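Here is what each chain is made of, one letter per residue.
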Amino acid sequence: MQIVEAPDEFQRVIESMRLKDKSVGFVPTMGYLHDGHMALVKRSRQENDITAASIFVNPTQFNVSGDLTNYPRDLGRDLDLLENCGADFVFVPSVESIYETDTQNSVVHRVNISVSNINSVFEGAHRPGHFDGVALIILKLFNLVGRCRAYFGLKDYQQVLLIIQLVKELFIPVEVVRCQTVRQSDGLAMSSRNARLNDHQLSLATVLYRSMFDALRLIESGTVRIDALKERITSQISKIEEINLEYVDVVTEGTLETPEFAEGPVRILIAAKLGDVRLIDNLGSEEIFGNEKAMQSAGVAGLKG
Ligand code: PAF
């Protein structure tokens, strides 16, 4: 595995691979890798000739500075994991090589990218500036990597929608591949932030998945009013004092639209705070019911029109 630090070198080595007719898979990360990231690397390896990953804790996407300082990091371990997983290249740039910095070492960025519809709801509304920072770094990374397939976990559902929109509207030659959230056996979604939870908090956090799963089962039994799904989740989570629910909502699958009834595939989005750790998760009805056919046999299609 080749480790590359300089952006221009990264661009050059990936371009040289494409010139040899190699298809390129790209897995951007902020490090502190877990099985969710490894699943992205494995999928990229299956679908492409070469796989490049990046590790860069992007300062512009942190709207709370403590969050950036506390973000867990372990580069040595990350590099071992990537190597063992078969990544071919890993890009580990410094902040100064990606952004201009001032004399205090703070990032100066004069080019901003904004995706208005994504910014105003859910994570966008709760984390002002977050998605602008994600859009900016992703555009920079995509410009370095060039034509590729890029792999993203659906745990960051809104981020995936942002990147799909960015690629589409700016004609970026990247195919965005959405990958299922990887969960522990107790349902907790893999996340680098889990490292900041103690064992007790880790077991409490499983209520996020359990409550979403339970709510989606209501669809199976015929209750498809979205309010009922939300109430069910809120009441389950509110039983746990240590958890502060920030929002729970239900969107039509693949969008951020909030329907009144679950008349087709839907996805529950949830954000909660446990201590000072903010957790997000989401679960799609199709993940539970398998496919459209299962939705129909669950009586959902009958409510359409
Ligand atoms: O999902 C992440 O880890 C980050 O938001 C990403 C996509 C690597 C951009 O910094």
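Since this is a predicted model, take the numbers as computed values, not measurements.

1. Observations regarding the overall build of the protein chain
For step 1, the next point in the chain: A count of helices and strands for the protein chain gives 13 helices and 11 strands.
For step 2, the next point in the chain: Taken against the 2.2 N^0.38 rule, which gives 19 Å for 305 residues, the C-alpha radius of gyration of the protein chain at 20 Å falls within 12% of a compact globule.
For step 3, the next point in the chain: Scored against the burial criterion, the 305 residues of the protein chain give a buried share of 51%.
For step 4, the next point in the chain: When contacts within the protein chain are restricted to residue pairs at least 6 apart in sequence, long-range pairs at least 24 apart make up 70% of them.
For step 5, the next point in the chain: Averaging the locations of the 31 positively and 41 negatively charged side chains of the protein chain gives two centres separated by 3 Å.

2. What to know about the side chain of Gln 61
For step 1, the next point in the chain: Mapped onto the secondary structure, Gln 61 falls in the loop between β3 (50-55) and α3 (65-70).
For step 2, the next point in the chain: A distance of 2.9 Å separates the side chain of Gln 61 from the side chain of Asn 58, its partner in a polar contact.
For step 3, the next point in the chain: When near neighbours in sequence (up to four residues on either side) are disregarded, Gln 61 contacts Met 30, Arg 127, His 130, Gly 133, Val 134 and Ile 137.

3. Side note on the packing of aromatic side chains
For step 1, the next point in the chain: As enumerated under the stated definition, the model contains eight aromatic pairs in all.
For step 2, the next point in the chain: Pairing Phe 56 with Tyr 99 gives two aromatic rings, centres 6.3 Å apart and planes at 35°, and the pair type is tilted. Of this pair, Phe 56 sits in the loop between β3 and α3 while Tyr 99 sits in the loop between α5 (95-98) and β5 (100-101); the two residues are 43 residues apart in sequence, bridging distant segments of the chain.
For step 3, the next point in the chain: Assessed through its relative accessible area of 5%, Phe 56 is described here as buried.
For step 4, the next point in the chain: On the accessibility criterion, Tyr 99 (2% relative accessible area) is buried.
For step 5, the next point in the chain: Aromatic side chains Phe 142 and Phe 152 sit 6.4 Å apart centroid to centroid with 70° between the ring planes, which places their arrangement in the edge-to-face category. One end of the pair, Phe 142, is in helix α8 (residues 130-145); the other, Phe 152, is in strand β7 (residues 148-153), and 10 residues separate them in sequence.

4. Details of the nonpolar core
For step 1, the next point in the chain: Counting 48 residues, the largest nonpolar core has Phe 10, Ile 14, Ile 138 and Phe 142 as the members making the most contacts within it.
For step 2, the next point in the chain: It is α8 that provides the largest number of residues to this core, a total of 11 residues.
For step 3, the next point in the chain: If you look at the next biggest cluster of nonpolar residues, it comprises 31 residues, including Tyr 209, Ala 215, Ile 226 and Ile 270.

5. Comments concerning the pairing of strand β11 (residues 277-284)
Taken residue by residue, a regular strand's side chains alternate between the two faces of the sheet.
For step 1, the next point in the chain: Among the eight residues that make up β11, eight are buried, leaving the element largely enclosed by the rest of the structure.
For step 2, the next point in the chain: A two-sided burial pattern is seen for β11, the buried positions comprising Val 277, Leu 279, Asp 281 and Leu 283 on one face and Arg 278, Ile 280, Asn 282 and Gly 284 on the other.
For step 3, the next point in the chain: Here eight bridges tie strand β10 (residues 266-274) to β11, and the two strands are oriented antiparallel to one another. In the sheet register, Ala 271 faces β11, and the bridge partner there is Ile 280.
For step 4, the next point in the chain: Taking the residues that link successive antiparallel strands as the turn, the β10-β11 hairpin has two residues, and the phi of Gly 275 there is positive, at about 65°.

6. So, the site of the ligand
For step 1, the next point in the chain: Taken together, Pro 28, Thr 29, Met 30, Asn 58, Gln 61, Ile 137, Ile 138, Phe 152, Asp 156 and Gln 159 are the residues near the ligand.
For step 2, the next point in the chain: Note that an oxygen atom of the ligand is positioned 2.6 Å from one of the side-chain N or O atoms of Gln 61.
For step 3, the next point in the chain: In this structure, Gln 159 approaches the ligand through a side-chain N or O atom, which is 2.7 Å from an oxygen atom.
For step 4, the next point in the chain: In the complex, the protein chains occlude 89% of the 290 Å² of accessible area that the ligand would expose alone.
For step 5, the next point in the chain: Here the ligand is seated within the largest cavity.
For step 6, the next point in the chain: Elements with a contribution of two residues or more to the shell around the ligand: β2 (24-29) and α8.
For step 7, the next point in the chain: Of the residues that constitute the shell around the ligand, the class distribution is five nonpolar, four polar and one charged.

7. A short note on the environment of Gln 46
For step 1, the next point in the chain: Looking at where Gln 46 falls in the secondary structure, it is placed in helix α2 (residues 35-47).
For step 2, the next point in the chain: Since its relative accessible area comes to 68%, Gln 46 is described here as exposed.
For step 3, the next point in the chain: On a C-alpha basis, the gap between Gln 46 and Leu 19 in space is 20 Å, while along the polypeptide they are 27 residues apart.

The rules we used
- Residues numbered from 1 in each chain as written.
- Predicted model: local features only at pLDDT ≥ 70, side-chain atom pairs only at ≥ 80, totals over all residues.
- Heavy atoms only, no water.
- Helix = DSSP H or I, 4+ residues; strand = E, 2+ residues; numbered from the N terminus.
- Rg over C-alpha atoms; globule rule 2.2 N^0.38 Å.
- Buried < 20%, exposed > 50% of the residue type's maximum accessible area, 1.4 Å probe, protein only.
- Contact = heavy atoms within 4.5 Å.
- Lys, Arg positive; Asp, Glu negative; His and termini not counted.
- Charge placed at Lys NZ, Arg CZ, Asp CG, Glu CD.
- Polar contact = N/O pair within 3.5 Å; in protein donor to acceptor, adjacent residues only side chain to side chain.
- Phe/Tyr/Trp six-rings, centres within 6.5 Å; stacked < 30°, edge-to-face > 60°.
- Core = buried A, V, L, I, M, F, W, Y, C linked by side-chain atoms within 4.5 Å.
- Pairing = 2+ DSSP bridges.
- Near = heavy atom within 4 Å.
- Areas by Shrake-Rupley, 256 points an atom, 1.4 Å probe, with all protein chains shown as cover.
- 1 Å grid on protein atoms, 1.4 Å probe; cavity = no way out; pocket = protein on both sides within 12 Å on 5 of 7 lines; lining within 4 Å.
- Sits in = over half its atoms within 2 Å of the grid points.
- Nonpolar A, V, L, I, M, F, W, Y, C, P; charged D, E, K, R; others polar.

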